[in-house]
Amino acid sequence: MKRILVTGGAGFIGSHLCERLLEDGHEVLCLDNFFTGCKKNIVHLLGNPWFELIRHDVTMPFYSEIDEIYNLACPASPVHYQHNPIKTVKTNVIGAVNMLGLAKRKRAKILQASTSEVYGDPKVHPQVEGYWGYVNPVGERSCYDEGKRCAETLFMDYHKQNGVRIKVARIFNTYGTRMQLDDGRVVSNFIVQALRGVDITVHGSGSQTRCFQYVSDLVEALVRLMDTPEDFTGPVNIGNPHEVSILSLAEKIIEMTGSGSEIVFEQVRGDDPAKRKPDITMARKVLNGWEPVTGLEEGLVPTISYFREKLNGK
Ligand code: NAD
Ligand code: UDP
């Protein structure tokens, strides 16, 4: 049994990860400031004696006896990370310094939830880990993109300079149950709009593409990544390479929900990447046969049911 700290543990991905680590027989410390996370996501874990909830902000130092850290604390939806961009940079950079300092002191292994946004609006498609990206340093997304890029730098330098055992996961668009109604990311937005019968808001023409990964496939990959041999640090792409346009996603969600909603086209958002798709050759190789196994429709079914219940106040 290990004692594992999950920062951002009350968030969408974090809550699924906490659940999985408890199922695997570990003790879990869930740390969150509840900016975008919520107690409802982890309330079912509160009775478990091996689960501990800590209200804390990663921009402040934190001390505890731990063996491993999954560093997920950071708002991930553009609407939320752009709400207070300075805080987003602090969470990414100061949060990384604090967690890496803790890992160094405790000789703990630490995994960083990095992002496909480090590739910016990519000129290489699909994106391989060796691509350095095309990122605007002064745009609407910069607080997140550059914050995550700096966090990767810090992880690598703590590894090289101090021998900290690190793993860096570049996570591509992930969706599933426990996203908030007001999350603002495309899958949850479209489902909520479709279920409410209001207009589906496509930014721009909807020809931009993304690849959507179901949350259980991601959690499996993160747990496997933490257990890779010591000399493997990443960064490694984790995503589902099935590429779809945003317009086709809207159409699929209308069809699956049986909604009468209309699609409306709104102004394109600043620095919105035109396309995104992970090359997951490295993940397949190092994560012991890992493969995203949940297709888009298969993952949308439980996600739609979850939002339907949430809208019905359950
Ligand atoms: P989320 O917003 O649901 O979860 C983030 C959690 O971090 C929330 O519980 C929030 O309250 C907490 N948090 C934010 N700032 C904090 C701070 N200063 N101190 C402590 N806690 C703080 O988002 P998510 O989708 O679950 O994302 C989790 C992580 O995965 C993030 O680091 C995100 O950047 C990364 N990621 C997610 C995706 C995706 O598609 N979901 C893609 C790439 C990377
Ligand atoms: N998007 C959209 N309508 C929405 C929300 C998002 O058309 O209501 C688009 C957005 O412009 C982007 C894509 O969907 O092209 C994915 O957006 P999201 O915020 O989920 O994540 P991103 O990958 O851009 O960080």
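For the structure, see preceding data.
In this text, all values refer to a predicted model and were calculated from it rather than measured experimentally.

## Re the overall build of the protein
Thought 1: Assigned secondary structure in the protein consists of 9 helices and 13 strands.
Thought 2: Since a compact globule built from 314 residues should have a radius of gyration of about 20 Å, the 19 Å found for the protein is in line with a globular shape.
Thought 3: In terms of overall dimensions, the protein has a C-alpha envelope of 55 × 45 × 40 Å along the principal axes.
Thought 4: Partitioning the intrachain contacts of the protein with sequence separation of at least 6 by distance along the chain shows that 82% fall at a separation of at least 24.
Thought 5: For the protein, the exposed area adds up to about 13500 Å²; of that, 51% sits on carbon and sulfur atoms.
Thought 6: Taking the average location of the 36 positive side-chain charges in the protein and that of its 38 negative ones, the two points are 4 Å from each other.

## As for the pattern of salt bridges
Thought 1: Considering all chains together, one arrives at 21 salt bridges under this definition.
Thought 2: We note a salt bridge from Glu146 to Arg149, for which the minimum N-O separation is 3.4 Å. In this pair, Glu146 and Arg149 are both assigned in helix H4 (residues 142-162), 3 residues apart and thus about one turn of the helix distant.
Thought 3: In this structure Arg149 comes out as partly exposed when scored by relative accessible area, which is 28%.
Thought 4: Several salt bridges share partner residues, and in doing so they unite Glu117, Arg141, Arg210, Asp272 and Arg276 into one network.

## A few points about the sheet that holds strand E4 (residues 68-71)
Thought 1: Spatially, E3-E2-E1-E4-E5-E6-E11 is the arrangement adopted by the 7 strands of the open sheet, whose pairing is parallel. Edge positions in the sheet fall to strand E3 (51-55) and strand E11 (236-238), since each of these pairs with one other strand and no more. The mean inter-strand angle of the sheet, taken between neighbouring strand axes irrespective of direction, is 20 degrees.
Thought 2: Here strand E1 (residues 3-7) pairs with E4 via 4 bridges, running parallel. Residue pairing in the sheet places Ile4 in a bridge with Glu68 of E4.

## A word on the site of ligand 2
Thought 1: Near ligand 2 there are 18 residues, and of these Arg141, Thr201, His203, Arg210 and Asp272 occur at the shortest range.
Thought 2: In this structure, His203 approaches ligand 2 through a main-chain N or O atom, which is 2.7 Å from an oxygen atom.
Thought 3: Arg210 has a polar side-chain atom sitting 2.7 Å from an oxygen atom of ligand 2.
Thought 4: When isolated, ligand 2 has an accessible area of 510 Å², and the protein chains bury 97% of it.
Thought 5: Taken together, the elements giving at least two residues each to the shell around ligand 2 come down to helix H5 (186-196) and strand E8 (200-203).
Thought 6: Its residues placed into classes, the shell around ligand 2 shows 5 nonpolar, 6 polar and 7 charged.

## Brief notes about the state of the cysteines
Thought 1: Tallying each qualifying case throughout the model produces 0 disulfides.
Thought 2: Here Cys18 stays free of any disulfide, with the sulfur of Cys30 as its closest cysteine sulfur at 4.2 Å.

Reading guide: rules and limits
All residue numbers refer to positions counted from 1 along the written sequence of the respective chain. Going through the entries in the order they are written, you letter the chains from A and number the ligands from 1. Residues qualify for local features only when their pLDDT is at least 70, as the model is predicted, and side-chain atom pairs are given and counted only at 80 or more; totals for whole chains, interfaces and linings, by contrast, use all residues. The side-chain values count all of the structure's non-hydrogen atoms but skip hydrogen atoms and water molecules. The numbering of helices and of strands both runs from the N terminus, where a helix is a DSSP run of H or I of at least 4 residues and a strand a run of E of at least 2. Throughout, radius of gyration means the C-alpha value; the globule benchmark is 2.2 Å times the number of residues raised to the power 0.38. We call two residues in contact when some of their heavy atoms are within 4.5 Å. Here the open area of atoms and residues is found with the Shrake-Rupley method and a 1.4 Å probe, where only the protein chains shown may cover a residue. Under the convention used here, Asp and Glu are negative, Lys and Arg are positive, and both His and the chain ends fall outside the count. All charge positions are set by atom: Lys at NZ, Arg at CZ, Asp at CG, Glu at CD. A carboxyl oxygen of Asp or Glu within 4 Å of a side-chain nitrogen of Lys or Arg is what we treat as a salt bridge. Buried, partly exposed and exposed residues are distinguished by accessible area as a fraction of the type maximum, computed with a 1.4 Å probe on protein chains only: under 20%, between the cut-offs, and over 50%, respectively. Two strands are said to pair when DSSP picks up at least two bridges between them. A fitted line through C-alpha atoms serves as each axis, taken over the contacting stretch for helices, and the angle formed by two N-to-C directions is quoted from 0 to 180°. Note on terminology: near, applied to a residue and a molecule or strand, indicates that one of the residue's heavy atoms is within 4 Å of it. Polar contact is defined as a pair of N or O atoms within 3.5 Å, subject to the rule that within protein one atom must be able to donate a hydrogen and the other to accept it, and that residues adjacent in sequence are counted only when both atoms are side-chain atoms. Throughout this entry, Asp, Glu, Lys and Arg are counted as charged residues, while Ala, Val, Leu, Ile, Met, Phe, Trp, Tyr, Cys and Pro are counted as nonpolar. The remaining residues, Gly among them, count as polar. Note on terminology: disulfide denotes any pair of cysteine sulfur atoms within 2.5 Å.

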